[in-house]
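Descriptive structure summary
Spelled out from the first residue to the last, the chains are:
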Amino acid sequence: MLKLDFHPAGRHFLQIPGPSPVPDRILRAMSYPTIDHRGPEFGALGLKVLEGIKTIFKTTQPVVIYPASGTGAWEAALCNTLSPGDAVLMYETGHFATLWKKMAENLWLKPEFLGLPGIEGWRRGVQAEMIEARLKGDTAHAIKAVCVVHNETSTGVTSDIAAVRRAIDAARHPALLIVDTISGLASADYRHDEWGVDVTVSGSQKGLMLPPGISFNAVSKKALEASRTAKLPRAFWGWSEIIEMNKQGYWPYTPNTNLLYGLSESLDMILEEGLENVFARHQRLAAACRVAVTAWGLEIQCADPAVYSPVLTGVIMPEGVDADAVRKLIYEHFDMSLGTGLGKVKGRMFRIGHLGECNDLTLMATLSGCEMGLQLAGVKLAGSGVAAAMDYLVKHVAKPKLKVAA
Ligand SMILES: *Cc1c(COP(=O)(O)O)cnc(C)c1O
């Protein structure tokens, strides 16, 4: 039998932008025995997580929880609201936007892919004025939905969703706004109600610090209305029966009980820290990470500072250096996983995840592993990113996390 040793001394550093490290608190909460999903105790758990998750989406409207990966919730958003042959306007920010477009084609929708040419679109956020211009040209209102990715995990770019809403409104167009914030939720500021989003799609294994396995649709009144006449076939994904049973804290089928224990703990952790404090922590760590990359003399995948992602940073390798070879060295020598380049940027860049359960020393250890790996790979560095990031963190010191009595 092949011997796989996943447990060398010390902790593995899982610094990919999802799945993110699962805190011990959450792992322990998930180890409670599975209970009767029709019993009274379960109903209380169901109501707690269904109510609590609304705070994270910043919505008062229903949030549907599926026992599925994020891809399932992508499908749910489309098949609940649209009909075969419907035109949908999608925007190419990177690999995940591209996968979502392929899914739309597989569902017999007619996606139109807007974006900047070549690799440029993979270095910037959604250009809302392009959406506005396209919608203004659609005087017959053939386009039924605008689909955008909030935090593009393949590039490290966080688009301005409020600007997309303004673009749709400026064009006076009735299209639904459907947003993927699978990797943004609970790490980057997100406002389902305020930004007028109709369906927000998210997942468990990124900012929420849970293992993979549950995903979400936050649903507006307008989206619910659309679901009543939409013709795409749906059974498992159908909102109406789930939302009805959720009123009592139950599901029409067996929900993912232990992941819901985990979600309950995750909500406690996030709300104890305070959602805005969680966002500020991510912004600060991401800024320190970028300081390191710049000190190394390397380029950041996101070319527009206004839309740098607080979740992850894409690091472009110098010409002739294979990013995956660097990742392999780092994995083998330092037991750390970094995100690979996806699609158009495969081999050109790697991604450093700094989301969820991440603090100053997690980031510093991560950057140390990167710097040592880059040295081992023979990449010429302009200077020490580790020293620069430490300097940044000290100059922008956060509030003490713990207090010792005098
Ligand atoms: C992770 C991710 C997905 C896919 O989610 P799965 O859970 O892997 O199905 C989709 N979109 C974005 C932006 C992601 O980060």
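If you're wondering where the values come from, they're calculated on a predicted model, not measured in any experiment.

As annotated by UniProt and renumbered to match this structure, "binding site: substrate" (unreviewed entry) occupies Arg351. Along the chain, the position of Arg351 falls in strand S14 (residues 349-353). Note on Arg351: relative accessible area 6%, which makes it buried. Once residues within four sequence positions are removed from consideration, Arg351 is found in contact with Gln15, Pro17, Thr153, Ser154, Leu312, Thr313, Gly314, Leu338, Gly339, Thr340 and Leu342. A distance of 2.8 Å separates a polar side-chain atom of Arg351 from the backbone oxygen of Thr153.

Here we come to the sheet that holds strand S12 (residues 312-316). Taken in spatial order, the three strands of this open sheet run S11-S12-S14, and their pairing is antiparallel. Since the sheet does not close on itself, it has two edges, and those belong to strand S11 (299-300) and S14, each with one partner. Across five bridges, the pairing between S12 and S14 is antiparallel. Note on S14: the bridge partner recorded for Thr313 is Ile352.

It is worth spelling out the pairing of strand S3 (residues 87-91) at this point. Of all five residues making up S3, four are buried, and the element is well covered by its neighbours. In this sheet, strand S4 (residues 110-114) lies alongside S3 in parallel orientation, the contact comprising five bridges. Residue pairing across strands places Tyr91 opposite Leu114, the latter belonging to S4. For the crossover that starts at S3, traverses helix H4 (residues 95-106) and ends in the parallel S4, the hand is right-handed. Of the strand pairs in this sheet, S3 and strand S5 (residues 143-149) are connected by four bridges, and their pairing is parallel. Bridge pairing in S5 places Ala87 opposite Ile143.

Conventions and cut-offs
- Residues numbered from 1 in each chain as written.
- Predicted model: local features only at pLDDT ≥ 70, side-chain atom pairs only at ≥ 80, totals over all residues.
- Heavy atoms only, no water.
- UniProt positions renumbered as here; feature names shortened; annotations may be inferred.
- Helix = DSSP H or I, 4+ residues; strand = E, 2+ residues; numbered from the N terminus.
- Buried < 20%, exposed > 50% of the residue type's maximum accessible area, 1.4 Å probe, protein only.
- Contact = heavy atoms within 4.5 Å.
- Polar contact = N/O pair within 3.5 Å; in protein donor to acceptor, adjacent residues only side chain to side chain.
- Pairing = 2+ DSSP bridges.
- Right-handed = clockwise from strand over helix to strand, strands pointing away.

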